[in-house]
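Summary of the model geometry
So you can see what is in the structure, the chains are spelled out below.
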Amino acid sequence: MNIFMHELKAYRKSTIIWSLSLIAIIVIFMSMYSSFAEDAEDFKRILENYPEALRNALGFNQENFFTILGFYSFPLSFITLCAAIQAMNLGTSIVSKEVLAKTADFLLTKPFTRNKILTAKLLAAFVSIVMTNVVYFAAASFVALQVKTDDFSLKIFFLLSLTIFFIQLLFLAFGIIISVIVQRIKSVLTVSLATVFVFYFVGMFSDTTGDEVKRYISPFKYFDAAYIIKHSSYEATFLIVGAVIILLAIAASYVVYNKKDIHAV
Amino acid sequence: MNVIEIKNLTKTYGKSRGISDISFNVEQGEIFGFIGPNGAGKSTTIRTLLSLIYPTSGSATIFGKDCIRFAPEIKKEIGYLPSEVFYYDNMKVKELLKYSASFYKKDCSKRIKDLAEIMDLDLNKKIDDLSLGNKKKVGIVQGLLHEPKLIILDEPTSGLDPLMQQKFFELLEEENKKGATILFSSHILSEVQRLCNRVAIIKEGKIITVEKISTLQENNYKKFKIETKYALDKDYFQIGGVNKLEVNNNVISFLFRGNINTVMKKIAEIDIANLWIEEPDLEEIFMHYYEKEA
């Protein structure tokens, strides 16, 4: 419990900053919606001139792009990208923070098992992510309700927003497994930015071809906004694959962390 | 009763040497010295005892329990002070110590206050702003605040000024009197000599000898320096047990090992102006072990 509280406190500042940044992005984007909706017809005509591959990559291909939900899915992919960086940072720093600050000796000579330490840290990161999502969703839905021109399904809006959370969990898990395997990460941010962007671009390329199998490579493509808007649910296979990846990564992290030698600095 | 029992402990890191086949025991209530130069394997041994690293083979028990399997339980009663201390920089000393205390299920607030007073440590400063010596003091308080039964110190005095070092040693002796066992690793022999009852000498990952400090000194030579009134025959002291005989005008010096009476008789027969007989200090014994092995 003490480690959990300590970690939560350590993450407090960054959680607040990340939450506010995400909110700022969504507020800026959504405030453009009303003028955007007015000019919908003109936009449609311009977009038709774009090559299909580009439209796919940018996510402009949905018929419902001009509804508020369709419009929302555009900034959503950008917000997801930012949120993924936050989660990856959290995950990577769980173990490497202690290595970098050379505090691992302090923590690991205390009368706790490594499992207990890792669990407390993991929970603190998890709670930080949950808080970010709660605050974000409250702000995003508030803004959406302010700028809407027609009624929309709040459930679908929630489902869309919740994809941020799922993708964050995936990157949190990636972060942890990397941080326990790599002996010494010099810069947490470099590692997380690189990983997140690689997945993001891989995701963009898989979009241009429309190949279903390639979607499995990038977590950013596990949740298709158009599908969610149409069916008001997620694609089950991708949910399962995502959950399995998270569980495997976390389980492996526990195993590796327990066997790992903590070297002197 | 043995507080620490180390049996054939081996740790190899890839190609480079770690420790090999280390065995020794630390008895309850003693201050046990662990000496050797840098890189001899002192920290590796200690880090294995603390289950920070895992042995390649062999085992160790602390309080009779396997130090890996029962690590969390054992660590309740261990206080550890590493050679370099690092803490969360953005915390205040007080917060850090409170955090440290929260891992042990007892109230340590009074103890923290007392220790900080003895070590002259400002609890309200930020760790970031502390000098190396003051960080070390935080480490000392942190290592002792839960009144551990076993105190493990890994080259603890670096960064402490002589006055603080003195206070720290007094603190350790006091803890020892209250029943704490201490494992004291160092490459500075005078501090080991000052504190410890027994000592293990480690070299290149292997234990060379485990001895009482007093035995180490007894079994060793004595240093003689004699000033005579008149010049003596050069070979007057050339008897069994005498080494490194040097005659410089009226001053004769040599090392002697053996029955002290034989030398004393020889000295009694001559007219001397002055006489010095010295115990070799640990440094010399230590060098002796290292030279012999090399």
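**Details of the overall build of chain A**
- The helix and strand inventory of chain A stands at eleven helices and zero strands.
- Mapped from its N terminus to its C terminus, chain A presents α and β elements in the order α-α-α-α-α-α-α-α-α-α-α.
- Its C-alpha atoms give chain A principal-axis dimensions of roughly 65 × 35 × 30 Å.
- Buried residues in chain A amount to 51% of all 265 residues.
- A separation threshold of at least 6 residues defines the contact pool for chain A, and within that pool the share at least 24 residues apart is 78%.
- Carbon and sulfur atoms make up 69% of the accessible area of chain A, which amounts to about 12,400 Å² in all.
- Charged side chains in chain A number 22 positive and 18 negative. The centres of these two groups are separated by 17 Å.

**Regarding a positive patch on the surface**
- Taken together, the side chains of Lys13 of chain A together with Lys92, Lys94, Lys98 and Lys126 of chain B present a region of like positive charge at the surface.
- Tracing the backbone through its elements, the reader meets Lys92 of chain B in the loop between β6 (78-81) and α3 (93-101).

**Thoughts on the pairing of strand β13 (residues 251-256) of chain B**
All names here are of chain B.
- Two strands pair when backbone bridges link them, and strand β11 (residues 222-228) and β13 are joined in this way by six bridges, in the antiparallel orientation. By the bridge assignment for β13, Lys223 is matched with Leu255.
- Two strands pair when backbone bridges link them, and strand β12 (residues 242-248) and β13 are joined in this way by five bridges, in the antiparallel orientation. The residue bridging Val242 from the neighbouring strand is Phe256, located in β13.

**A word on the pattern of salt bridges**
- Tallied over the entire structure, the rule returns 17 salt bridges over all chains.
- Between Lys121 of chain A and Glu7 of chain A there is a salt bridge, with the nearest N and O atoms lying 3.3 Å from each other. Taken together, the positions of Lys121 of chain A in helix α7 (residues 114-147) and Glu7 of chain A in helix α1 (residues 2-31) put the pair 114 residues apart, joining distant regions of the chain.
- Owing to a relative accessible area of 2%, Lys121 of chain A belongs among the buried residues under this scheme.
- Of the charged contacts in the structure, one is a salt bridge between Lys178 of chain B and Glu175 of chain B, with a shortest N-O distance of 3.4 Å.
- Its relative accessible area of 52% is what places Lys178 of chain B among the exposed residues.

**A closer look at the sheet that holds strand β9 (residues 198-203) of chain B**
All names here are of chain B.
- As summarised here, the arrangement of the six strands in space is β6-β7-β8-β3-β9-β10, forming an open sheet in which the pairing is mixed. Both outer strands of the open sheet, β6 and β10 (206-212), are each paired with one neighbouring strand and no more. Pairwise comparison of adjacent strand axes, ignoring direction, gives a mean angle of 15° for this sheet.
- The pairing of β6 with strand β7 (residues 150-154) spans four bridges and is parallel. Residue Gly79 lies in a different strand from β7, and its bridge partner there is Ile151.

**Focus: empty space enclosed by the protein**
Residues and elements named next belong to chain B.
- Here the structure, examined in full by the defined rule, presents one cavity of 30 Å³ or more.
- Within this model, the largest cavity holds a volume of roughly 30 Å³.
- Around the largest cavity, the lining residues are Gly79, Tyr80, Leu81, Gly139, Ile140, Gly143, Leu144, Ile151, Leu153 and Phe168.
- Per-element tally for the lining of the largest cavity: the top contributor is helix α5 (residues 132-144), with four residues.
- Broken down by class, the residue content of the lining of the largest cavity amounts to seven nonpolar, three polar and no charged.

**Structural notes on the sheet that holds β13 of chain B**
All names here are of chain B.
- Strand order across the open sheet formed by four strands is β12-β13-β11-β14, with antiparallel pairing between neighbours. Bordering the open sheet on either side are β12 and β14 (272-278), each of which pairs with just one other strand. Going from strand to strand, the sheet's axes swing by 10° on average, the running direction of each strand aside.
- Pairing of β11 with β14, which is carried by six bridges, proceeds in the antiparallel orientation. Residue pairing in the sheet places Ile226 in a bridge with Leu275 of β14.
- Set on the sheet, helix α9 (residues 260-268) makes contact with β11, β13 and β14; between it and β11 the angle comes to about 5°.

**Some words on unusual backbone geometry**
All names here are of chain B.
- Positive phi, normally seen in glycine, also occurs at Ser51, with a value near 55°.
- Within the fold, Ser51 resides in the loop between α1 (42-49) and β4 (57-62).
- Looking at Ser51, the relative accessible area reads 6%, which means it is buried.
- In this model, Glu204 sits at a positive phi of 45°, which is unusual for a non-glycine residue.
- Position of Glu204 relative to the elements: it lies in the loop between β9 and β10.

**Topic: the domain arrangement of chain B**
- Here the domain parsing of chain B yields domain 1 (2-217) and domain 2 (221-278).
- The distance between the C-alpha centroids of domain 1 of chain B and domain 2 of chain B comes to 44 Å.

**Quick look at the packing of helix α4 (residues 109-119) of chain B against α5 of chain B**
All names here are of chain B.
- Where α4 meets α5, the closest approach of the two axes is 10 Å, and the angle between their N-to-C directions is 145°. Relative to α5, the crossing made by α4 is right-handed. Residues Arg111, Ile112, Leu115, Ala116 and Met119 of α4 touch α5, and the partners they reach there are Lys137, Ile140, Val141 and Leu144.
- Across the contact of α4 with α5, the residue classes tally to seven nonpolar, no polar and two charged.

**Some points on the packing of α4 of chain B against helix α6 (residues 162-177) of chain B**
Residue and element names in this part refer to chain B.
- Interaxial distance between α4 and α6 falls to 10 Å at its minimum, and their mutual angle equals 140°. For the element pair α4 / α6, the angle class is oblique. For the pair formed by α4 and α6, the contact residues are Arg111, Leu115, Ile118 and Met119 on the first element and Met164, Lys167, Phe168, Leu171 and Glu175 on the second.
- Taken together, the residues of the contact of α4 with α6 break down into six nonpolar, no polar and three charged.

**Observations concerning the side chain of Glu30 of chain B**
Residue and element names in this part refer to chain B.
- Within the element layout of this structure, Glu30 appears in the loop between β2 (16-27) and β3 (31-35).
- A relative accessible area of 7% means that Glu30 is categorised as buried.
- Apart from residues no more than four positions distant in its own chain, Glu30 is found in contact with Asn25, Asn176, Thr181, Ile182, Asn197 and Arg198.

**Quick look at the interface of chain A and chain B**
- Opposite the 26 residues of chain A that make contact, chain B presents 25 residues.
- When chain A packs against chain B, close to 2,400 Å² is buried across both sides, 59% of that on carbon and sulfur atoms.
- For the interface between chain A and chain B, the tally reads two salt bridges.
- In this structure, Asp105 of chain A engages Arg47 of chain B in a salt bridge whose closest nitrogen and oxygen atoms are separated by 2.8 Å.
- The set of elements that each furnish at least two residues to the side of chain A that touches chain B consists of α1, α6 (104-108) and α11 (236-259) of chain A.
- Considering only residue class, the side of chain A that touches chain B consists of ten nonpolar, seven polar and nine charged.

Criteria and thresholds
Residues numbered from 1 in each chain as written. Chains lettered and ligands numbered in written order. Predicted model: local features only at pLDDT ≥ 70, side-chain atom pairs only at ≥ 80, totals over all residues. Heavy atoms only, no water. Helix = DSSP H or I, 4+ residues; strand = E, 2+ residues; numbered from the N terminus. Buried < 20%, exposed > 50% of the residue type's maximum accessible area, 1.4 Å probe, protein only. Contact = heavy atoms within 4.5 Å. Areas by Shrake-Rupley, 256 points an atom, 1.4 Å probe, with all protein chains shown as cover. Lys, Arg positive; Asp, Glu negative; His and termini not counted. Charge placed at Lys NZ, Arg CZ, Asp CG, Glu CD. Patch = residues over 30% accessible without salt bridge, like charges linked within 9 Å, V, L, I, M, F, W, Y side chains within 5 Å. Salt bridge = Lys/Arg side-chain N within 4 Å of Asp/Glu carboxyl O. Pairing = 2+ DSSP bridges. Axes fitted to C-alpha atoms, helices over the stretch in contact; angles between N-to-C directions. 1 Å grid on protein atoms, 1.4 Å probe; cavity = no way out; pocket = protein on both sides within 12 Å on 5 of 7 lines; lining within 4 Å. Points joined across faces, edges and corners; volume = space filled by probe spheres on them. Nonpolar A, V, L, I, M, F, W, Y, C, P; charged D, E, K, R; others polar. Domains from an automatic or database assignment. Left-handed = near helix turned anticlockwise from the far one by under 90°. Parallel < 35°, antiparallel > 145°, perpendicular 65-115°, else oblique. Buried area = accessible area lost by both parts, 1.4 Å probe.

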